[in-house]
Amino acid sequence: MNLVNRSRELSRVLNRQAPSDVESAEAQMLIAELVDVVTAHAGRYHDQDDPLISDAEYDRFFEFLKALEDLFPNYRKPDSPTRRVGSPPVSAFEKVRHPDPMLSLSNAFDSDGLRTWYRRCVSGLGLDEHFPLTLTAELKIDGVAVAITYVDGLLTGGATRGDGRVGEDITENVRTIRSVPLKLIQPVRMGLHEQNRIEIRGEVYLHNSDFDQLNRRLAQVGAKTYANPRNTAAGSLRQLDSRITASRPLSFFAYSVYTPGANVADSQSGTLVWLKMAGFRINEQARSFEGIEPVIGFCEEWTTGRSTLDYEIDGVVVKVDSLEYQASLGSISNAPRWAIAFKFPAREETTRLINIVINVGRTGKITPEAVLEPVEIGGVTVSQATLHNADYILSRDIRIGDTVVVKRAGDVIPQVVKPIEDARTGGESLWEMPTTCPVCKNPLERIEGEVDYYCVASDCSEQFIRLLEHFASRGAMDIEGLGSKLAMQLARKDLANTLDDIYALSRSDLLTLEGFGEKKADNLLEGIRLSRERSLARLLYGVGIRHVGQITAELLAMRYESARSLSEASEEELLRIEGIGSIIASSVTDWFSLDQNRALIDALEAFGVNTHRLAEEAAAGGEDLPLIGKTVVVTGTLPGMDRKEAQDLIRRRGGKVAGSVSGKTDYVVAGENAGSKLTRALELGIPVLDEAEFLKMVYG
Ligand code: IVH
């Protein structure tokens, strides 16, 4: 029966009785039918913009369904459209670990960047340089990445990206997004996946028109408006009350599928087709191309074409189409080698530079900052922008009072690009780098070979405030509630002068601070207590070693067993690590050469803060190991080593040993009398190596 007839039939049934008259046996069938029909009508209304029934009739079906579900809660179905309305607020989001980390992307800012990336892919795959590699280019939606889990075809979970490894459980909020199916249309092929679990990733975003409308609505009721569609999507997704999320017109584009054990397709383009069949919206602008040149054309087209869309995009994501090639290219640190984001040129505006002020960073680095006449750039009001360093200002002849070009590139801090000399009136004044720290008044120093000036006073309060704020930040020790305001309070009250001091804070200390009650104090103490268990990488990043960002900290934590063993490393030794150059190496050894820093590590350790590498960091070690990220199965009798030796070798060279062959297997090492595992590998097209080939691969 088609939808029109089914709806008519339903209307007749509903006309005959009130929900309370419906008997149990009938209720179950009626609920099932209403779920189907209401879902279908919602789809026609929202996705196809082509409703078949009136809003009033739709509402009647919906209300009847809700009433029946209330009367017969046991019959309520997990994919019922009534679940989209949200549920009462939760006090906080639970943390969820992503089974596969949610990676970010490397960027290219011009066609040469794309070409370089392409050449690396081709050579990384061992292909001839003229081999036309198939690429899929997708618009880079400027929204919020989410991972949605389905078990046996039903939506069971939704999570934010978080730090890529651990995100927040926003299942109830995700359920409210109409373009996210509560049930997959295409049943996941049985048996292929562990527990039939499948994870879909994509971008939650807001249409520009919906954003405008929402902001108007918020303004009307005197509520705070949002700066841009992206912030709105992020803010709406992070509502503890999912009924608020439900009231926001969020949309979702799906772009990838993760399944333990097997893929739903063998290419990115195939994955998009599968996603569509499964009931997701995909971005229809995606295209596949042979080689990089047509992709460059596509990127250029969208650089100007983006203004025609009703949603924000900030670039184009280019992916190697074949999943087999993706797997063999693998990932570095936190980005895949098989994909790159082409970023559109930043948006620029002009405004007046009112003043230049000095900002003291956590490492003592001095950054001149422009105070600007507020200007809107790409939907965000900008009133401050970085001027990087003194050389930057001098070389561009930027003066106070100038009209300047200000650029905002995505999430990056706005920057002053250049002055408009023609707009000068003669009233502009030259700026000079101060010789002393504006906060502690100690002399500033310029380190040889670097452009930056530093306040090197170890007791500069501003520096410490920034350092403490950084130490507690999400990417570092992740201490909830310890932000810039509290860092300042703690420093001003002399409750913290070094980082370890926070581990000695007591409830009564905190109660002396403005705005602190018992509950807030206890929450903070709990946050501080939890931070003792953080990884070595977070600690190394958190203590604020100059030039040691998150990725460098991870690299160091992979190589060194503890902060102490790192403190003993020489510059030469550090330089041998791929990804670490002389600036970082000397910065690390300099940092550890100071008594106060070694004392800090000792003090943190004495307070029970973890200063050792966690097992998972050790496991991630050695990115240059040949089998990193690879799963290998050994089968049969090898001529020169026994099974255990081969498996140990795989592990030592960074690989994972698996007992059975599946779609996730990268290589099968086969010796004599290899049986069903070899057959399976051949069926699945997984590369099979003999002992000699295996040794060549692991030792090069
Ligand atoms: S693929 C490992 N495809 O861009 C590859 N990402 O900087 C992961 N994004 O966090 C992403 N549109 O939120 C991919 N078509 C698209 C995308 C896309 C937007 C976002 C995503 C991710 C960020 C990466």
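Keep in mind it's a predicted model, so treat the numbers as computed, not measured.

### Digging into the sheet that holds strand β8 (residues 250–258)
The four strands are arranged β5-β4-β7-β8 in an open sheet whose pairing can be described as antiparallel. The two strands at the open ends of the sheet, each matched to only one other strand, are β5 (154–160) and β8. Across the sheet, the axes of successive neighbouring strands diverge by a mean angle of 30 degrees, strand direction being ignored. By the bridge criterion, eight bridges tie strand β7 (residues 197–206) to β8 in an arrangement that is antiparallel. Considered in β8, the bridge of Arg201 is made with Ser256. Where helix α7 (residues 229–237) meets the sheet, its contacts fall on β4 (144–151), β7 and β8, and the angle it forms with β7 comes to roughly 130 degrees.

### Regarding the confidence of the model for the protein chain
Mean pLDDT over the protein chain works out to 89, with 95% of the residues at or above the 70 mark. Mean pLDDT across the elements of the protein chain bottoms out in helix α23 (residues 615–619) (69) and peaks in strand β3 (residues 134–141) (97).

### A look at the packing of helix α2 (residues 24–46) against helix α3 (residues 55–71)
For any two helices packed against each other, the geometry comes down to the angle between their axes and how far apart the axes lie. Axis separation between α2 and α3 bottoms out at 10 Å; the angle between their running directions is 145 degrees. For the crossing formed where α2 meets α3, the hand is left-handed. Between α2 and α3, the contacting residues are Leu30, Ile31, Leu34, Val35, Val37, Val38, His41, Ala42 and Tyr45 on the first element and Asp55, Tyr58, Phe61, Phe62, Phe64, Leu65, Leu68 and Glu69 on the second. Among the residues forming the contact of α2 with α3, the class breakdown is 14 nonpolar, one polar and two charged.

### What to know about the site of the ligand
All residues in the neighbourhood of the ligand are listed as Leu103, Leu105, Glu138, Leu139, Lys140, Ile141, Ala145, Glu203, Tyr255, Val317, Lys319 and Pro336. Within the contact set of the ligand, a nitrogen atom lies 2.8 Å away from a side-chain nitrogen or oxygen of Glu138. For the ligand, the protein covers 88% of the area, taking 520 Å² as the surface of the free molecule. The set of elements that each furnish at least two residues to the shell around the ligand consists of β3 and β10 (313–320). By residue number, the principal contributor to the shell around the ligand is β3, which donates four residues. Considering only residue class, the shell around the ligand consists of eight nonpolar, no polar and four charged.

### As for the packing of helix α1 (residues 3–16) against α3
α3 packs onto α1 with a crossing angle of 60 degrees between their chain directions and a minimal axis gap of 11 Å. Classified by the angle between their axes, α1 and α3 sit oblique to one another. Considering how the two elements wind past one another, α1 and α3 form a crossing that is left-handed. Here Ser7, Leu10, Ser11, Leu14 and Asn15 of α1 come into contact with α3, specifically with Glu57, Arg60, Phe61 and Phe64. Residues of the contact of α1 with α3, tallied by class, amount to four nonpolar, three polar and two charged.

### Topic: the nonpolar core
By size, the foremost hydrophobic cluster in this structure holds 54 residues, and its most contacted members are Leu482, Leu490, Ile502 and Leu574. Among the elements of the structure, α13 (461–471), α14 (484–492), α16 (518–530), α17 (536–542), α18 (550–559), α19 (563–567), α21 (582–593) and α22 (595–606) are those that each provide at least two residues to this core. Each residue touching Leu490, except ones within four places of it in the same chain, is listed here: Leu468, Leu482, Leu495, Ala496, Ile502, Leu505, Leu510 and Leu513. Counting 33 residues, the second largest nonpolar core, distinct from the first, contains Val122, Trp302, Ile340 and Phe342.

Cut-offs and rules
- Residues numbered from 1 in each chain as written.
- Predicted model: local features only at pLDDT ≥ 70, side-chain atom pairs only at ≥ 80, totals over all residues.
- Heavy atoms only, no water.
- Pairing = 2+ DSSP bridges.
- Helix = DSSP H or I, 4+ residues; strand = E, 2+ residues; numbered from the N terminus.
- Axes fitted to C-alpha atoms, helices over the stretch in contact; angles between N-to-C directions.
- Contact = heavy atoms within 4.5 Å.
- pLDDT = per-residue confidence, 0-100.
- Left-handed = near helix turned anticlockwise from the far one by under 90°.
- Nonpolar A, V, L, I, M, F, W, Y, C, P; charged D, E, K, R; others polar.
- Near = heavy atom within 4 Å.
- Polar contact = N/O pair within 3.5 Å; in protein donor to acceptor, adjacent residues only side chain to side chain.
- Areas by Shrake-Rupley, 256 points an atom, 1.4 Å probe, with all protein chains shown as cover.
- Parallel < 35°, antiparallel > 145°, perpendicular 65-115°, else oblique.
- Core = buried A, V, L, I, M, F, W, Y, C linked by side-chain atoms within 4.5 Å.
- Buried < 20%, exposed > 50% of the residue type's maximum accessible area, 1.4 Å probe, protein only.

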